[in-house]
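Next come the chains, spelled out residue by residue.
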Amino acid sequence: MKKLQKNLTEAGILRKNAEELLSKRQLDVISPYSESDAIKLSHELAVHEIELEIQNQELIEAKHNLENAVEKYTGLYDFAPTGYLTLSRESEILQLNLYVANYLGKDRRHLTKSLFSSFVSNDTKQIFNDFLLDIYEYKEKQSCEVTIYNKDGLPLFVYLVGIFNESSKYADISLVDITDRKQAEENLRNALDKLTIANKELEQAFRLNDDKDLFISALAHDLRNPFSVLFGYTELLLGDIHTLSISEIEHLVGEIYDSSHNTYNLLEDLLKWSRLKTGKFPFEPKKISFKNICDEIVKILSPGATTKNILFICSASKDINVIADVDMLKAILRNLVSNAIKFTNTNGKIKLSAEKVNQEILFSVSDNGVGIEQERLRKLFDISQLNSTVGTANEKGSGFGLLLCKEFVDKQGGKIWVESEIGKGSTFYFTIPTTTSRTIKNNASSSEELNLITNLKILVADDNPALRFLLGNLLKGYSKEILYAENGEEAIEVYKNNSDINLVFLDFNMPKCNGYQVARQIREFNTDVIIIVQTADSYSDVIQTAAKEWINDFFFKPYDKSFLNKLILKYFSKKE
């Protein structure tokens, strides 16, 4: 620029000299120059003319270079692969390149003088405002990530870098699209989340497999003793019954009964635990009176407590209600009270209580028994440490009941723990939240409705005569007639001759035809009859897959009265 100014100054001087020479030339008419002076003057003019031509050419080249530079700058600015714009303190767009215009999906003329903040999403607008304010406030480079919306309303993620321009006194901003990067990050997060879930499921599978191995080992150990008692005492009865006195026979029968009862309770807990682990245990919270549950548990377990002259105390007002699964709550209390009886000496006391604490019901079962060593307290709810301790009257157990208690408490969103002191007794605590997102059922109305169902015609098919008899007796209250079959073919024949049968119970494993084969043939005659399969195999995948095709429902042996009640209500409700 200085060179151009210098050239223009020199051109002015040349012009002035040329004017002076012209004036003298005119005066020479009066006073003519000598010939040598004329030659000299002509030479000087020619030199200055050449100088002017040179200066003019340089000026033209400088102008051309300037135009090229402006053109190159404009090309670089407009067609850069990055957005550039200049913003005022209020975010008014003063200048922008084509990239930004195309990115926003609007003509550049319409974008100039508009507010860039109007394109920024509400959730990132404050971030942008702080970014722009910092540029003007600190005059240093700033950056941020915001979301903007194009003309189609689609969200786009951009990275902005801004710096204060000392010359223009405005903020120059560069804009980089990071939408693909953000999407890749989101995809990566989703993939990591899925991987985390898969790892947890894998860990759970390994843990379940380990738990299963540990449990099978403990179960085999705990079943061996009661079965040894059963085999030994029955062998005595079979071989020496004619030589034994009545009191000796009564003693042996009592021992057989106790051993059978304990074994049955263990199998019941096993079935519940396995069904819970495989997601097949129904969770149906209801509004329950703790006083009623407490009275029921005391009544059931009184025989065992009476032999040791143990006093039961149930401390809870009638207005203490809990929203819980009744079967789970009964199982928890039954196991805890059974344990208390086991480890309480003769003439001891066991107290059951419940109270509302904040948003939970706090339950406790305490005794003044022998207590538990601190070392064992940490292992009571750990399946890997499963073991049994002989009670004060040499009662046997598996140690599995406490594990089941923890599973049932966890299922209902509560916690369980124990406090104990050697020689002074133990107190087991557990909590259940007072609210639940599950549907709450009314016990009273269900019971009243169940009492109205008494006119069903039922078919019971099972190859085990004892189980046929037991199931028939459980169903008598709902029936006007019960028919029996001991195999699959007989069940089909009975149904053909009694097409008015309302309800069919089929054992899965029967000779000649299994339960599903019978159900399939019955469906050829009647598509409306209720068919329910019973099985002892709680792990059978066949049950789950085939149940939807030919049968209405299934349940697991041994028979559960409350579950049968639910099935009857489910399919023969008077309110439907």
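Here we summarise the structure given alongside this text. (Residues numbered from 1 in each chain as written. Predicted model: local features only at pLDDT ≥ 70, side-chain atom pairs only at ≥ 80, totals over all residues. Heavy atoms only, no water.)

**Remarks on the overall build of the protein**
Helix and strand counts for the protein come out as 17 helices and 17 strands. Going through the 576 residues of the protein one by one, you find that 40% of them count as buried. For the protein, restricting intrachain contacts to residue pairs at least 6 apart in sequence, the fraction spanning at least 24 positions comes to 63%. (Helix = DSSP H or I, 4+ residues; strand = E, 2+ residues; numbered from the N terminus. Buried < 20%, exposed > 50% of the residue type's maximum accessible area, 1.4 Å probe, protein only. Contact = heavy atoms within 4.5 Å.)

**Focus: the sheet that holds strand β2 (residues 93–96)**
Spatially, β2-β1-β5-β4-β3 is the arrangement adopted by the five strands of the open sheet, whose pairing is antiparallel. Here the strands that pair on one side only, and so sit at the sheet edges, are β2 and β3 (142–149). When strand polarity is set aside, the average angle formed by the axes of neighbouring strands in this sheet is 30 degrees. Sheet topology note: the strand β1 (residues 83–87)/strand β5 (residues 170–177) ladder contains five bridges and is antiparallel. Counterpart to Thr86 in the pairing with β5 is Asp172. The sheet contacts of helix α5 (residues 122–138) involve β1, β3, β4 (155–165) and β5, and relative to β3 the element is tilted by about 145 degrees. (Pairing = 2+ DSSP bridges. Axes fitted to C-alpha atoms, helices over the stretch in contact; angles between N-to-C directions.)

**A closer look at the state of the cysteines**
A complete count under the given rule lists one disulfide for this structure. Covalent S-S linkage joins Cys294 and Cys314, the inter-sulfur distance amounting to 2.1 Å. A residue pair is termed long-range when its members are at least 10 positions apart, and Cys294 in helix α8 (residues 290–306) and Cys314 in strand β7 (residues 311–315) qualify at 20 residues. A relative accessible area of 0% means that Cys294 is categorised as buried. (Disulfide = S-S within 2.5 Å.)

**Here we look at the sheet that holds strand β11 (residues 416–421)**
Read from one edge of the open sheet, five strands run β7-β9-β10-β12-β11, paired in mixed fashion. Unpaired on one side and paired on the other, β7 and β11 mark the two borders of the sheet. Taken pair by pair, the neighbouring strands of this sheet meet at an average axis angle of 15 degrees, ignoring direction. Of the strand pairs in this sheet, β11 and strand β12 (residues 425–433) are connected by six bridges, and their pairing is antiparallel. Among the inter-strand pairings, Trp417 is bridged to a residue of β12, identified as Tyr429.

**Quick look at the pattern of salt bridges**
Pairs can form between side chains of opposite charge once their charged atoms are near each other. Within this structure, the stated rule accounts for 14 salt bridges. Of the charged contacts in the structure, one is a salt bridge between Glu166 and Lys169, with a shortest N-O distance of 3.4 Å. Given the relative accessible area of 49%, Glu166 is considered partly exposed. As a salt-bridge pair, Lys570 and Asp553 come within 2.9 Å of each other at their nearest N and O atoms. Of the two residues, Lys570 sits in helix α17 (residues 561–572) while Asp553 sits in strand β17 (residues 553–556), which places them 17 residues apart along the sequence. Owing to a relative accessible area of 12%, Asp553 belongs among the buried residues under this scheme. Through salt bridges that share partners, Glu145, Arg181, Lys182 and Glu185 make up one connected network. (Salt bridge = Lys/Arg side-chain N within 4 Å of Asp/Glu carboxyl O.)

**Some points on α5**
Think of an α-helix as 3.6 residues a turn; residues three or four steps apart then line up on the same face. Relative to the 24 Å expected for 17 residues at 1.5 Å per residue, α5 spans 25 Å between its end C-alpha atoms, a close match to the ideal helical length. If you check which residues of α5 are buried, you get Thr124, Phe128, Phe131, Leu132, Ile135 and Tyr136. Buried residues in α5, looked at end-on, bunch into an arc of 125 degrees, giving them a common side. Along α5, exposed side chains directed more than 90 degrees from the buried face belong to Asp123, Gln126, Glu137 and Tyr138. Where α5 is buried, its residues touch β1, β3, β4 and β5. In the segment just after α5, Lys139 is the residue with positive phi, at about 55 degrees. (Expected span 1.5 Å × (residues − 1). Arc of directions from axis to C-beta.)

**Some words on the pairing of β12**
Of all nine residues in β12, eight are buried, a share of seventy percent or more. In this sheet, β12 lies alongside strand β10 (residues 360–367) in antiparallel orientation, the contact comprising seven bridges. From the neighbouring strand, Val365 faces β12, where its bridge partner is Phe428. Taken together, β11 and the strand that follows it, β12, pair antiparallel across an intervening segment of three residues, in which Gly423 is found at a positive phi of about 85 degrees.

**Considering the packing of aromatic side chains**
Inspection of the entire model under this criterion finds eight aromatic pairs. Considering the side-chain rings of Tyr99 and Tyr103, the 5.9 Å spacing of their centres and the 10 degrees angle between planes classify their relative orientation as stacked. Remark: Tyr103 and Tyr99 occur in helix α3 (residues 98–104); sequence separation between them is four residues, near one turn of the helix. Tyr103 gets classed as buried once you look at its relative accessible area, which sits at 13%. Each residue in the set Phe116, Phe128 and Phe131 is aromatic and connected to the rest through ring pairs, giving one cluster. The ring of Phe164 is capped by Lys139, whose NZ or CZ atom sits 4.8 Å from the centre of that ring. (Phe/Tyr/Trp six-rings, centres within 6.5 Å; stacked < 30°, edge-to-face > 60°. Lys NZ or Arg CZ within 6 Å of the ring centre and 35° of its normal.)

**Structural notes on the packing of α8 against helix α9 (residues 326–342)**
For the pair α8 and α9, interaxial distance at closest approach is 10 Å and the crossing angle is 40 degrees. In this view, α8 runs oblique relative to α9, as classed from their interaxial angle. The two elements α8 and α9 meet at a crossing, and its hand is right-handed. Two secondary-structure elements touch here, α8 through Phe290, Ile293, Glu296, Ile297, Leu301, Gly304 and Ala305 and α9 through Val326, Leu329, Lys330, Leu333, Arg334, Val337, Ser338 and Ile341. Of the residues belonging to the contact of α8 with α9, the class tally is 10 nonpolar, two polar and three charged. (Parallel < 35°, antiparallel > 145°, perpendicular 65-115°, else oblique. Left-handed = near helix turned anticlockwise from the far one by under 90°. Nonpolar A, V, L, I, M, F, W, Y, C, P; charged D, E, K, R; others polar.)

**Digging into a nonpolar patch on the surface**
A cluster of nonpolar side chains, contributed by Leu188, Leu192 and Leu195, occupies part of the molecular surface with about 290 Å² of accessible area. Relative to the elements of secondary structure, Leu192 occurs in helix α6 (residues 179–240). Of the residues examined, Leu192 reaches a relative accessible area of 44% and is grouped as partly exposed. (Patch = residues over 30% accessible without salt bridge, like charges linked within 9 Å, V, L, I, M, F, W, Y side chains within 5 Å. Areas by Shrake-Rupley, 256 points an atom, 1.4 Å probe, with all protein chains shown as cover.)

**Here we look at unusual backbone geometry**
One non-glycine residue, Lys169, lies in positive phi territory at about 65 degrees. Positionally, Lys169 belongs in the loop between β4 and β5. The phi angle at Asn358 is positive, at roughly 55 degrees, despite the residue not being glycine. In this structure, Asn358 sits in the loop between β9 (349–357) and β10.

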